[in-house]
Amino acid sequence: MAASKRLVVSCLFLVLLLAEANAQGLKVGFYSKTCPQVEGIVKKVVFAAMKKAPTLGAPLLRMFFHDCFVRGCDGSILLDSSNNQAEKNAVPNLSLRGFGIIDDSKAALEKVCPGIVSCSDILALITRDAMVALEGPSWEVETGRRDGRVSNINEVNLPSPFDNITKLITDFSTKGLNEKDLVVLSGGHTIGMGHCPLMSNRLYNFTGRGDSDPSLDSEYAVNLRKKCKPTDTTTALEMDPGSFKTFDVSYFKLVAKRRGLFQSDAALLDNSRTRAHVLQQARGSTFFHDFGVSMVKMGRIGVLTGHAGEIRNMCRVPN
């Protein structure tokens with residue numbers, strides 16, 4: 001048993017070592033000589049789109065997260081499939097929106113710098129710019145990723161809104177992200193919407209006996225039951241009530257009061273270290289900086305650099 005545990009730890013260390021080696025191919029300003037206009041071009045497309053539809057911020061953030069957690073940050077989430085077997089066809093990705101912004105950015109860049117900028121880098125830049133458009137945090141985006149050629153629905157195994165703290169910590173750890181990253185990146189729930197089916201068990205049948213989740217603030221539970229009936233499959237809920245269009249620390253204040261929408265939000269209080277990070281972030285002085293740091297770390301997961309992968313001509317199909 002001890003030998004098998006050592007083998008697992010050794011394999012995990014090797015995976016993280018390889019990921020770090022690839023990540024060393026990333027740097028801020030990777031395109032400074034080959035396509036110096038890249039950030040300005042992408043920003044112009046993003047700001048125009050966000051002005052028309054500011055609610056695109058949350059799904060774009062989720063898109064980057066979902067891309068990086070499956071096969072690494074290689075743009076595989078962007079690929080289409082003729083038989084609906086790509087990552088974007090998996091249930092957790094069906095609510096993603098904003099693929100047209102990636103297409104528009106790529107088209108604009110191809111006119112100026114054909115065959116230079118990868119789709120995976122475009123997605124990383126778009127994610128940052130979408131947060132800035134919401135008056136949220138900004139960070140320097142490392143670039144130099146290359147695009148993957150594979151996208152498989154069966155490889156989509158993402159952290160879930162129903163996960164407990166042990167699974168969340170494990171899932172993030174395998175990607176080289178620590179407990180602080182878990183908490184800080186969960187703060188992305190400050191924007192966007194959830195839906196009643198993701199809350200139904202917490203409200204009506206938490207242990208299979210017609211009960212509600214005891215970790216959920218009782219007054220908040222009453223309000224949620226008014227909005228979500230047991231058979232409701234469509235109603236959208238603000239993930240950060242009263243502030244869901246604004247990138248701020250109110251999410252952490254709500255979680256600290258046991259008013260996190262998902263089980264995975266509530267779970268952040270079930271570990272002394274993640275709980276301490278929630279309370280620290282709720283104070284507000286470091287959230288924007290910390291979010292940027294964690295986004296850069298996430299952007300290094302499993303990247304393809306150097307001669308690996310390709311630079312797609314169109315982001316929805318491999319070359």
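Every value quoted in this text rests on a predicted model; they were computed, and no experiment measured them. (Residues numbered from 1 in each chain as written. Predicted model: local features only at pLDDT ≥ 70, side-chain atom pairs only at ≥ 80, totals over all residues. Heavy atoms only, no water.)

This part covers the UniProt feature "active site" (unreviewed entry) in the chain. The UniProt entry lists H66 under the feature "active site" (unreviewed entry), expressed in the numbering used here. If we ignore the near neighbours within four places in the chain, the residues touching H66 are E87, P92, N93, L96 and L158. (UniProt positions renumbered as here; feature names shortened; annotations may be inferred. Contact = heavy atoms within 4.5 Å.)

Now for the packing of helix α2 (residues 38–52) against helix α5 (residues 119–133). Where α2 meets α5, the axes come as close as 9 Å, and the angle between the chain directions of the two elements is 50 degrees. Looking at the two axes, α2 sits oblique to α5. Note on packing geometry: the crossing formed by α2 with α5 is right-handed. Contact with α2, carried on its side by V38, E39, V42, K43, V46, F47 and M50, involves L125, I126, R128, D129, A130, V132 and A133 of α5 and no other residues of that element. (Axes fitted to C-alpha atoms, helices over the stretch in contact; angles between N-to-C directions. Helix = DSSP H or I, 4+ residues; strand = E, 2+ residues; numbered from the N terminus. Parallel < 35°, antiparallel > 145°, perpendicular 65-115°, else oblique. Left-handed = near helix turned anticlockwise from the far one by under 90°.)

Another aspect to go through is the nonpolar core. Counting 72 residues, the largest nonpolar core has M63, L78, I102, F291 and M298 as its most contacted members. At 8 residues, the largest contribution of residues to this core is made by α5. If we ignore the near neighbours within four places in the chain, the residues touching F291 are L61, P137, W139, V184, L185, G188 and F247. Residues M199, L216, C228 and L237 belong to the second largest nonpolar core, which totals 12 residues. (Core = buried A, V, L, I, M, F, W, Y, C linked by side-chain atoms within 4.5 Å. Buried < 20%, exposed > 50% of the residue type's maximum accessible area, 1.4 Å probe, protein only.)

A separate point is empty space enclosed by the protein. If a probe the size of a water molecule is rolled over the atoms, the empty space left behind becomes visible. Applying the stated criterion to the full structure yields 1 cavity of 30 Å³ or more. Reported here for the largest cavity is a volume of approximately 60 Å³. Of the residues assigned to the lining of the largest cavity, the class counts are 6 nonpolar, 1 polar and 3 charged. (1 Å grid on protein atoms, 1.4 Å probe; cavity = no way out; pocket = protein on both sides within 12 Å on 5 of 7 lines; lining within 4 Å. Points joined across faces, edges and corners; volume = space filled by probe spheres on them. Nonpolar A, V, L, I, M, F, W, Y, C, P; charged D, E, K, R; others polar.)

Bringing the packing of aromatic side chains into the picture now. Within a pair of aromatic rings, the relevant descriptors are the distance that separates the centres and the angle that separates the planes. Inspection of every chain in the model, using the stated rule, returns 12 aromatic pairs. Residues F247 and F287 carry aromatic rings whose centres are separated by 5.5 Å and whose planes lie at 15 degrees to one another, so their mutual orientation is stacked. Of the two residues, F247 is situated in the loop between β4 (236–238) and α10 (250–256) and F287 in helix α13 (residues 287–298); the sequence distance between them amounts to 40 residues. Each member of the pair F247 and F287 is classed as buried. (Phe/Tyr/Trp six-rings, centres within 6.5 Å; stacked < 30°, edge-to-face > 60°.)

All right, on to the layout of surface pockets then. Of the volumes computed, that of the largest pocket is approximately 1,200 Å³. Along its surface, the largest pocket is lined by 43 residues, and R62, H66, H189, M239 and F262 are the ones closest to its centre. Grouping the constituent residues of the lining of the largest pocket by class yields 27 nonpolar, 12 polar and 4 charged.

Next up on the list: the pattern of salt bridges. What the rule picks out here adds up to 18 salt bridges. When the shortest N-O distance is used, the salt bridge between E142 and R300 registers 2.8 Å. With E142 in strand β2 (residues 142–143) and R300 in the segment after α13, the pair connects residues that are 158 residues apart, well separated along the chain. The shortest N-O distance in the salt bridge between K167 and D163 comes to 3.8 Å. Accessibility expressed as a relative area gives 35% for K167, which makes it partly exposed. (Salt bridge = Lys/Arg side-chain N within 4 Å of Asp/Glu carboxyl O.)

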